[in-house]
Amino acid sequence: MSFGEGEGCVPVKEGQALGLAESLSWIRGMGHGDVIFETDTKYVVDVLYSNVLDKSKFRSIISYCRNQLRYEMGFLFSFMRRQANK
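Residues numbered from 1 in each chain as written. Predicted model: local features only at pLDDT ≥ 70, side-chain atom pairs only at ≥ 80, totals over all residues. Heavy atoms only, no water.

Draft legend 1. A look at the packing of helix H1 (residues 12-30) against helix H3 (residues 57-71). The interhelical angle for the contact between H1 and H3, taken along N-to-C directions, is 25 degrees, at an axis separation of 9 Å. Relative to H3, H1 is oriented roughly parallel. In this structure, the crossing between H1 and H3 has a hand that is left-handed. The segment H1 lies against H3, with Lys13, Glu14, Ala17, Leu18, Leu20, Ala21, Leu24, Ser25 and Arg28 engaging Lys57, Phe58, Ile61, Ile62, Tyr64, Cys65, Gln68, Leu69 and Tyr71. By residue class, the composition of the contact of H1 with H3 is 12 nonpolar, 2 polar and 4 charged. (Axes fitted to C-alpha atoms, helices over the stretch in contact; angles between N-to-C directions. Helix = DSSP H or I, 4+ residues; strand = E, 2+ residues; numbered from the N terminus. Parallel < 35°, antiparallel > 145°, perpendicular 65-115°, else oblique. Left-handed = near helix turned anticlockwise from the far one by under 90°. Contact = heavy atoms within 4.5 Å. Nonpolar A, V, L, I, M, F, W, Y, C, P; charged D, E, K, R; others polar.)

Written out as structure tokens, the structure is:
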């Protein structure tokens, strides 16, 4: 996967999606199963599980993740609200 190579600055939602895509590739490469990926970016998780597609770079990253998830039934992406330390 090479979505972010050669770029110095990407929009936040693309950066979050790239992080999930890289994590997914890394875990798949290690042969792990039954993994829950947690992120504090609700938008990315919502789009990942929706049927909406367009031709943006963000959507191509999400499509990559969806395609990878087709082969890994034990993987789950979940939104976790960020909490400050008390």
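Draft legend 2. Spatial organisation of the nonpolar core. Counting 19 residues, the largest nonpolar core has Leu24, Phe37, Ile62, Phe75 and Phe77 as its most contacted members. Among the secondary structure elements, those contributing two or more residues to this core are H1, strand S1 (35-39), helix H2 (42-48), H3 and strand S2 (75-79). Apart from residues no more than four positions distant in its own chain, Leu24 is found in contact with Phe37, Cys65, Gln68, Leu69, Phe75 and Phe77. (Core = buried A, V, L, I, M, F, W, Y, C linked by side-chain atoms within 4.5 Å. Buried < 20%, exposed > 50% of the residue type's maximum accessible area, 1.4 Å probe, protein only.)

Draft legend 3. Quick peek at a nonpolar patch on the surface. The grouping of Ile36, Tyr49 and Leu76 at the surface amounts to a nonpolar patch, some 310 Å² of accessible area in total. Among the secondary structure elements, Ile36 is positioned in strand S1. (Patch = residues over 30% accessible without salt bridge, like charges linked within 9 Å, V, L, I, M, F, W, Y side chains within 5 Å. Areas by Shrake-Rupley, 256 points an atom, 1.4 Å probe, with all protein chains shown as cover. Salt bridge = Lys/Arg side-chain N within 4 Å of Asp/Glu carboxyl O.)

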